[in-house]
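Understanding the architecture of this molecule
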Amino acid sequence: IIRPPRDGGIRYRGLTQEQILPVDYEIEYICRGNRVIVGPKVRKCLPNGTWTDITQHSRCRKYSLLYLQPTRLTSLPLFCHSLRVNSLFNWDSPKPVCLCKCGMESQSIHKLYIGALFPMSGGWPGGQACLPSAQMALDLVNNRTDILPDYELELIYYDSMCDPGESTKLLYDLLYTEPIKTVLMPGCSSVSTLVAEAARMWNLIVLSYGSSSPALSNRNRFPTFFRTHPSATLHNPTRVRLFQKWKWTKIATIQQTTEVFTSTLDDLEQRVKEAGIEISVRQSFLTDPAVAVKNLKRQDARIIVGLFYETEARKVFCEVFKEKLYGKKYVWFLIGWYADNWFKIKDPSINCTIENMTEAVEGHVTTEIVMLNPETVRGASNLTSQEFLGALMNRLGGKNPEETGGFQEAPLAYDAVWALALALNKTVAPLKAKGRRLEDFNYNNHDITAEIYRALNTSSFEGVSGHVVFDAQGSRMAMTLIEQLQGGSYKKIGYYDSSQKNLSWFGNDVWIGAGPPADSTIVIEEFRYLSQKLFAAVSVFAGLGILLGIVCLTFNIYNSNVRYIQNSQPYLNNMTAVGCMMALAAVFPLGIDGHHIHRSQFPVVCQFRLWLLGLGFSLAYGSMFTKIWWVHNLFTKKEEKKEKRKHLEPWKLYATVGVLLAIDILSLMIWQIVDPLHITVEKFTREAPKGDLDVLIQPLLEHCTSEKMNTWLGIPPLFPTPSLAHSLIPSFFHSLTPSIPSVVYGYKGLLLLLGIFLAYETKSVSTEKINDHRAVGMAIYNVAVLCMITAPVTMILTSQQDASFAFAALAIVFSVYITLVVLFVPKMRRLITRGEWQSEQQDTLKTGSSTNNNDEEKSRQLERENRELQKIIQEKEQRVSELRNQLVERQALRNRRRPSSGTNQNHSNPSPPSSQPDPKSLLPPPGYPNPASDNHSSLPPSFSNSSNLYQADSKISRNHCHNSQIPLLYK
């Protein structure tokens, strides 16, 4: 019986003289029947190429058969070889020869040590299954004589608890405690980051079996790092593909604040940005996820990607249950390497029951790297994936895989050992060519490390986890498995190959609702349109107003030769009527919105509305303002300028209106060229419809606006479609809106305020040249009052298009109606009641004179009367001069008599009664003012030549005036 050494050896199918047996192989001699062994019963192969007790012969007395069988095969197949002993007590075949594996040179087995950190507890207790898996691989490798025949791999491991702080101490023990470790094998990402960053200082290769952090895919920072666990970023292409499949464009994320998850999320953010997907909410937590989950709920997160370890996952979903952040409206994407019953494990750190957790996690989707080859293929270890699972279960002693941490990653740990063994085996020949050996490795030897790195970097074999190959960053490349929790257990719903961008979908995904939920509350955009009944009613009033304007315009034109109409400046009234009709016509485009026309045509309607209202305002209000302006200018001046009021030239009136109209046209043209109106959409608060629908109504309102609306109009664009600000401001109705005065608004507002002032100043003036100026003032007052009421109310009702349109349109209609009625109805009534329908030409045929002839006749008559009065005044002045001379003489005589004695004073030279002036005689005739000074400025202009008729210190007796001349003087 041939016993292999304890560390295994090469399998032999037959023994010949030329075959080589390993050192420490044992041969036991057995004799059958009543035959016994003479000599040593057991011989052992020594390192010097000889057998133990080689000088002593082993014989069986009589004859017997001797069977040679291995006694320790360690799950290797049995291979038998027999030798017969003939009657001469000789072997029928040459006996086995013990030779050295390396030719005939003697040598021993060298051990290579692996320093490993297995997390048996902590955030990810993956070492519970990964450690037995790695030990199983080591046993198989060490029993293979075709892999590292001169070496034995030995594992030195510690429990890292997935804690970088604890791992720092353990790494120190591994590095500074004999023996020298050839390779380091850490587990979770946080520990691997620490180990891989420090390993370069000791020229150590790091091979991880459970690290998924994307940060480890950095050759500058981790130059000697490899891993059989793919990078966590390999999940992201799968997630993005699923987002696109289910037509989600907005997601949310919540992560534990560790480097592995932060870097994974950064990569995901970059990928979704390239795919046109938005991360609307991004939350993170360190230990307590309560606040982060509440923020997700408050910000209406629906599609949520969670990146955290298993223990934190239980905390998160306990808070998810409390916040009701689960159900048919929500989908959670988690990491797939948790234990299958992770949500059923009792955790003292949470206060949720298993039923609560099961309810909260139902329906979530996991993306998991394919860690077990789905095909039945025998790889480098000569085991299929199912045979591996069976052997692992035996190794675990029947423990429940769902309660064993790292059970899913166990194939990765198994393949990691095989990848390391194959790589080390590949380095033996290159090192031998350089005169070096693996056992010569130390922490200062860079050449051996470089050979191991080169061998690992080119590794390619079939493992139980699939095809094992590393990319340029040392990360494993693999497919991604997509699973969904259905009824408390995970079901495979698809695979995704990111290298080929191929999604294999099984179509067995299950949703709580009718299908995949929306990525956010479904928002249905709904435009607010003007009530058609209201628009029709206002349009009828506007149409009737236009008919009224046509009637007024026709009346004014037909009776333009009537003197009363002529004295009202009919051409200005015609402009007022035309402007009112244009303002009423603007009501129709004012009510046109997206319900009537296409959106592309809306800017044309905006411009049309603006021009109608602007020009209508200039004509209607400009003509009324011109009347008030000239009435105030001519009839409120000083007395010395009153003579000019007789001469009112019509062209000045028309020029004033033309200037106002030109200013409006120029400003509108500049506005349209520099900053034309365009359509904008205003969004209002979303409204929830009735029922349990996961939808919201987003009311929208179309506006006509421009980029510099504040500059042109002086107010912010607060008015809803159809742009009521544009309708009110350029017309009559926004002059008192409190805002910053600017071009259009400020100009028209000042005109309205000035018009009100002028109307008030001229309310008591009476003139025949503009006989309807009081009616014009009333129209201006009407515009001001409606403006004060309409503008503030319209600003308050900005979000109610019907009310705003009603106020604006009715303000225009009422202002126009009142203006037309006040200006034209009194004229119609006068002509009807007094029978002044005939024109001046018809009056000329009846009376024999025209209007111009009557004026000339009156002028000649007044001139004749004026000449007669001037003659009378001259006569009176001569008489007054004579009387003054007499008074002077008598006054002088009196002065000479005063020095005489007092006794004779009363009796001497009494004045004749006829010559004494009577004080009453000095009073002016009835109808004339009492003169106070020589400047008789208060006399009528026709008596300007009689300024010296009376003096303040003289008195004239009425008896000195000729009785025949008194009536003429009074006249």
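Residues numbered from 1 in each chain as written. Predicted model: local features only at pLDDT ≥ 70, side-chain atom pairs only at ≥ 80, totals over all residues. Heavy atoms only, no water.

This brings us to the overall build of the protein. Helix and strand content of the protein: 25 helices and 25 strands. Counting across all 971 residues of the protein, residues that qualify as buried make up 48%. Put simply, of all contacts in the protein between residues at least 6 apart along the chain, 70% involve residues at least 24 apart. When the accessible surface of the protein is totalled, it reaches about 47300 Å², and 55% of it is carbon and sulfur. (Helix = DSSP H or I, 4+ residues; strand = E, 2+ residues; numbered from the N terminus. Buried < 20%, exposed > 50% of the residue type's maximum accessible area, 1.4 Å probe, protein only. Contact = heavy atoms within 4.5 Å. Areas by Shrake-Rupley, 256 points an atom, 1.4 Å probe, with all protein chains shown as cover.)

Read from one edge to the other, the open sheet built from 5 strands follows the order β9-β8-β10-β11-β12, with strand pairing classed as parallel. If you trace the sheet from one side to the other, it starts and ends with β9 (151–159) and β12 (225–227), each paired once. In this sheet, neighbouring strand axes are inclined to one another by 25° on average, regardless of whether the strands run parallel or antiparallel. Here strand β11 (residues 205–208) runs beside β12; their pairing, made up of 3 bridges, is parallel. Directly across from Leu207, in β12, lies its bridge partner Phe226. Sheet contacts for helix α1 (residues 127–142): β8 (110–118) and β9; angle to β9, the most-contacted strand, approximately 170°. (Pairing = 2+ DSSP bridges. Axes fitted to C-alpha atoms, helices over the stretch in contact; angles between N-to-C directions.)

This part covers the state of the cysteines. Summed over the entire model, instances satisfying the criterion amount to 2 disulfides. Each sulfur in the disulfide pair Cys162 and Cys188 lies 2.3 Å from the other. Taken together, the residues Cys162 in the loop between β9 and α2 (164–175) and Cys188 in the loop between β10 (181–185) and α3 (189–199) connect sequence positions 26 residues apart. A sulfur-sulfur distance of 2.0 Å marks the disulfide that ties Cys318 to Cys352. Where Cys318 bonds to Cys352 through sulfur, the torsion about that S-S bond is close to 80°, and the disulfide is right-handed. Of this pair, Cys318 sits in helix α7 (residues 310–323) while Cys352 is found in the loop between β16 (331–335) and α8 (354–361), placing the two residues 34 residues apart along the sequence. (Disulfide = S-S within 2.5 Å.)

What follows covers the UniProt feature "transmembrane region" (unreviewed entry) in the protein. Under the feature "transmembrane region" (unreviewed entry), the UniProt entry names residues 534–559, 571–590, 610–630, 651–674, 740–760, 780–799 and 805–825. End C-alpha atoms of residues 534–559 are separated by 38 Å, and the span's content is 96% helix alongside 0% strand. With 95% helix and 0% strand, residues 571–590 has end C-alpha atoms that lie 29 Å from one another. (UniProt positions renumbered as here; feature names shortened; annotations may be inferred.)

Counted under the stated rule, the structure contains 21 salt bridges. With a shortest N-O distance of 2.8 Å, Arg271 and Asp267 are connected by a salt bridge. Here the residue Arg271 and the residue Asp267 both occupy positions in helix α5 (residues 259–274), the gap between them amounting to 4 residues, near one helical turn. A network of salt bridges, in which partner residues are shared, links Glu197, Arg221 and Glu259. (Salt bridge = Lys/Arg side-chain N within 4 Å of Asp/Glu carboxyl O.)

Moving on: the side chain of Thr384. With respect to the helices and strands, the residue Thr384 is situated in the loop between β17 (365–369) and α9 (385–396). Classification of Thr384 as buried rests on a relative accessible area of 8%. Ignoring sequence-local partners within four residues, the contact set of Thr384 consists of Thr376, Val377, Arg378 and Val464.

Pro179 follows Glu178 through a cis peptide bond whose omega is -5°. Relative to the assigned elements, Pro179 resides in the loop between α2 and β10. For Lys324, which is not a glycine, the phi torsion comes out positive at approximately 55°. Examined against the element boundaries, Lys324 turns out to sit in the loop between α7 and β16. Although it is not a glycine, Asn382 sits at a positive phi angle of roughly 65°. As for its placement among the helices and strands, Asn382 is situated in the loop between β17 and α9.

Here we take up the environment of Asn559. In this structure, Asn559 sits in the loop between α12 (532–558) and α13 (563–566). For Asn559, a relative accessible area of 2% corresponds to the buried category. Separated by 11 residues in sequence, Asn559 and Pro570 have C-alpha atoms that sit 8.9 Å apart.

Further remarks concern the side chain of Thr182. Structurally, Thr182 is set in strand β10. You can call Thr182 buried: its relative accessible area is 6%. Ignoring sequence-local partners within four residues, the contact set of Thr182 consists of Leu112, Tyr113, Leu204, Ile205, Phe441 and Ile452.

Right, let's talk about the nonpolar core for a bit. The biggest cluster of nonpolar side chains holds 135 residues, and the ones touching the most others in it are Phe243, Ile254, Leu296, Phe317, Trp332, Phe333 and Trp342. In contact with Leu296, not counting residues within four places along its chain, are Ala252, Thr253, Ile254, Val281, Gln283, Ala301, Ile304, Leu325 and Trp332. By size, the runner-up hydrophobic cluster in this structure holds 50 residues, among which are Ala577, Val587, Ala775 and Val783. (Core = buried A, V, L, I, M, F, W, Y, C linked by side-chain atoms within 4.5 Å.)

Turning to the pairing of strand β19 (residues 466–469), a few remarks are in order. In terms of strand pairing, strand β18 (residues 460–463) meets β19 through 4 bridges, oriented antiparallel. Residue Glu462 lies in a different strand from β19, and its bridge partner there is His467. What sits between the antiparallel neighbours β18 and β19 is a turn of 2 residues.

The subject of this paragraph is a nonpolar patch on the surface. Taken together, Ile665, Leu666, Met669, Ile670, Ile673 and Val674 make up a surface patch of nonpolar side chains, about 560 Å² in accessible area. The exposure class assigned to Ile665 is partly exposed, which follows from its relative accessible area of 30%. (Patch = residues over 30% accessible without salt bridge, like charges linked within 9 Å, V, L, I, M, F, W, Y side chains within 5 Å.)

Here we come to the packing of helix α4 (residues 235–245) against α5. Here α4 crosses α5 at 40°, and the two axes come no closer than 10 Å. Considering their axes alone, α4 and α5 lie oblique with respect to each other. Where α4 crosses over α5, the handedness of that crossing is right-handed. Together, Asn236, Pro237, Arg239, Val240 and Phe243 of α4 and Thr264, Asp267, Leu268, Arg271 and Val272 of α5 make up the contact between the two elements. Tallied by class, the residues present in the contact of α4 with α5 amount to 5 nonpolar, 2 polar and 3 charged. (Parallel < 35°, antiparallel > 145°, perpendicular 65-115°, else oblique. Left-handed = near helix turned anticlockwise from the far one by under 90°. Nonpolar A, V, L, I, M, F, W, Y, C, P; charged D, E, K, R; others polar.)

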